[in-house]
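Breakdown of the fold
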Amino acid sequence: MGTVALGLDRIGARFAMPRGDLVAVLERAREAAAGTGTLTEAQVTAALARQLAHSVARDRPLAGPLAGRAVELARAIDDPITLASCLLAQHDSIWTPGTAADRVGIAREIALLAERAGDQERQAQGLLLTSTAELELGSPAFQATMTEYAYVTEQLRQPRHQYLLQTRRAALALLHGDIDGGDRLSIDAARLGEEVGDSDAGNVRMSQLLEVVRARGDPAALRDTARMAVEWWVGVPAHAHAVAAGFLARAGDEDGARRELDVVLSLADWRAERSYLWSVFVGELVEAAVAVADHPLCERLLDDLMPVADGCAVNGALVCFMGAHAHRVGRLYAALGQTDSARDWLGRALATHLTLGARAWEAETRAALAAIGCS
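The structure contained in this document is the topic of the report that follows. Throughout this document, residue positions are counted from 1 along each chain, in the order its sequence is written. It should be noted that, the model being predicted, local features are given only for residues of pLDDT at least 70 and side-chain atom pairs only at 80 or more, the latter also being counted only at that level, while totals for whole chains, interfaces and linings use all residues. Only heavy atoms go into the side-chain values, all of them from the structure, while hydrogens and water stay out.

Turning our attention to the overall build of the chain. The helix and strand tally for the chain stands at 19 helices and two strands. The C-alpha atoms of the chain give 21 Å as radius of gyration, which agrees with the globular expectation for 375 residues (21 Å, within 12%). By its C-alpha atoms, the chain is 65 × 40 × 35 Å across when sized along the principal axes. Each of the 375 residues in the chain was classed as buried or not, and the buried ones make up 55%. Contacts are assigned to residue pairs with any non-hydrogen atoms lying within 4.5 Å of each other. Contacts in the chain between residues at least 24 apart in sequence constitute 63% of all its contacts with a sequence separation of at least 6. Under the convention used here, a 1.4 Å probe and the Shrake-Rupley method define accessible areas, while residue burial counts only the protein chains that appear. Surface accessibility of the chain: about 15200 Å² in total, with carbon and sulfur atoms responsible for 51%. The charge count treats Lys and Arg as positive and Asp and Glu as negative. His and the chain ends do not count. Charge placement uses NZ in Lys and CZ in Arg. For Asp and Glu, CG and CD serve respectively. If the 37 positive side-chain charges of the chain are averaged to one point and the 49 negative ones to another, these points end up 1 Å apart. Secondary structure counts use DSSP, requiring at least four H or I residues in a row for a helix and at least two E residues in a row for a strand, with both numbered from the N terminus. Radius of gyration: over C-alpha atoms. The globule rule applied is 2.2 Å multiplied by the number of residues raised to the 0.38 power. We call a residue buried when its accessible area falls under 20% of the maximum for its residue type, exposed when it is over 50%, and partly exposed in between, using a 1.4 Å probe and counting protein chains only.

Spelled out as structure tokens, the structure:
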């Protein structure tokens, strides 16, 4: 039962979609292995935790205790690869903005355990997660870790890993302001992802498309992308309509942005979305709230952002960089008429973007500063 369940787990599923059948198989296998203290119990428990962590919002709180139990089992068994798998579950169960400092330590241990065991696939995964957390912290060290990730991944010589590497090269191109080059890399990667049967290839392409369309600023493309977001992210409607609201605001359609905002705010669980999509979600809500001058919402979003204001928005495992949170904080302060605070936070965002070489976001922050009379 454990072998079958783990095989199904490796096939994977699209992020933020219900996966009840797969969870049920893993739960049955976990119950069958419960109390055995075996590798199978640890591995199945970790797999179940990860599936719950990547499912819909109502399932995610179940992941943490299971991941903790998996790590406890793995440390008692003293098998490095099993421990690395269980640490991955622990990493994913806490994966939300504001946890990057904790996740860096977990991800580095995963990479180190895998390197010692000669498991390059797991080592690459640990390096990618380390780089992601470093970027969330605004540290330029992420680039050195990404170089190591690329080296290890290329040694695998496997189409699926070439796909993963291509998507991250697209992300880096977009981060550094090469929007056309990043778009081409992303399109090519999406084709390769479909060929190798990666279950999340469409999600990755959609996420990178957001940054491409945002940077280009074409109103028609912004409106089209707003529609596509609602159609694509059916498992997380709050996220989908938040993206639509932000993109319609950028297109100058304030009425449309208001309608999409109202959809988000009418959802009972709109504040429960705290996955690694949250940075994108809150960023687009900010864009729309500022455009329609919804000051109560601006104040609420400011409260939500302040605990992570010193970090950066990163979509998934370095799928796409989407600016320093300080940029949104500054824009919210500007919308609320607090110019001094806006200037301070936008200055912090600009410094972060310059440090990271994030040229497209550097330009956006400079435009926000200019809008409040600062050069």
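Once that is clear, we can look at the packing of aromatic side chains. Side-chain rings of Phe, Tyr and Trp (the six-membered ring for Trp) are treated as a pair once their centres are within 6.5 Å; stacked means planes under 30 degrees apart, edge-to-face means over 60, and tilted covers the remaining angles. Applying the stated rule across the entire model yields zero aromatic pairs. Working rule: Lys NZ or Arg CZ, within 6 Å of ring centre, within 35 degrees of ring normal, means a charge sits over the ring. The side chain of Arg250 reaches across the aromatic face of Phe247, ending 5.3 Å from its centre. For Arg348, the ring lying beneath its charged end belongs to Trp345, and the centroid distance is 3.9 Å.

So, about the layout of surface pockets. Only protein atoms enter the 1 Å grid used here. Points where a 1.4 Å probe fits but cannot escape make up a cavity, open sets with protein on both sides within 12 Å along at least five of seven lines make up a pocket, and a residue lines them when an atom lies within 4 Å of a point. Grid points are joined across faces, edges and corners, and a volume is the space filled by probe spheres set on the points. Its boundaries defined by the atoms lining it, the largest pocket holds a volume of some 1500 Å³. Along the walls of the largest pocket sit 50 residues, with Arg50, Leu88, Arg122, Gln125 and Arg160 positioned nearest its centre. Contributions of two or more residues to the lining of the largest pocket are made by helix 1 (2-11), helix 3 (39-53), helix 5 (80-93), helix 7 (120-136), helix 8 (141-156), helix 9 (159-175) and helix 11 (201-216). Here the lining of the largest pocket takes six residues from helix 7, the largest share from any one element. Only Asp, Glu, Lys and Arg are considered charged, only Ala, Val, Leu, Ile, Met, Phe, Trp, Tyr, Cys and Pro nonpolar, and every remaining residue, Gly among them, polar. Split into classes, the residues belonging to the lining of the largest pocket amount to 22 nonpolar, 16 polar and 12 charged.

Within the secondary structure layout, His353 lies in helix 18 (residues 339-356). N or O atoms within 3.5 Å of each other form a polar contact, as long as, within protein, one can give a hydrogen and the other can take it, and as long as residues adjacent in sequence are counted only when both atoms are side-chain atoms. Within the structure, His353 has its side chain in polar contact with the backbone nitrogen of Ala324 (distance 2.9 Å). Here Thr365 takes part through its side chain, which lies 3.1 Å from a polar atom of the side chain of His353. In this structure His353 touches Phe321, Gly323, Ala324, His327, Ala358, Trp361, Glu362 and Thr365, once residues within four positions along its chain are discounted.

With that settled, consider helix 13 (residues 237-250). When the terminal C-alpha atoms of helix 13 are compared, their 20 Å separation across 14 residues agrees well with the 20 Å that a helix rising 1.5 Å per residue should span. The element helix 13 is largely enclosed, with a buried count of 13 among its 14 residues. Looking one or two residues past helix 13, Gly252 carries a phi angle of roughly 85 degrees, positive in sign. Between the first and last residue of a helix there are one fewer steps than residues, each counted as 1.5 Å, and that sum is the expected span.

Now for the pairing of strand 2 (residues 320-324). Most of strand 2 is tucked away, with five of its five residues classed as buried. Two strands qualify as a pair provided that DSSP identifies no fewer than 2 bridges between them. As paired strands, strand 1 (residues 312-315) and strand 2 are joined by three bridges and run antiparallel to one another. Paired with Cys312 across the bridge in strand 2 is Ala324. With antiparallel pairing between neighbouring strands as the criterion, strand 1 and strand 2 make up a hairpin whose turn holds four residues, including Gly316 at a positive phi of roughly 65 degrees.

This part takes up the pattern of salt bridges. We define a salt bridge as a side-chain nitrogen of Lys or Arg found within 4 Å of a carboxyl oxygen belonging to Asp or Glu. Counted according to the given criterion, the structure contains 26 salt bridges. With its nearest N and O atoms 2.9 Å apart, the salt bridge here joins Arg216 to Asp180. One end of the pair, Arg216, is in helix 11; the other, Asp180, is in helix 10 (residues 179-196), and 36 residues separate them in sequence. On the basis of relative accessibility, which here comes to 44%, the residue Asp180 falls in the partly exposed class.

What follows covers the environment of Ile179. Here Ile179 lies in helix 10. Ile179 gets classed as buried once you look at its relative accessible area, which sits at 12%. Sequence separation between Ile179 and Cys320 is 141 residues, and the spatial gap between their C-alpha atoms is 12 Å. Each residue touching Ile179, except ones within four places of it in the same chain, is listed here: Leu174, Val212, Ala215, Arg216 and Ala360.

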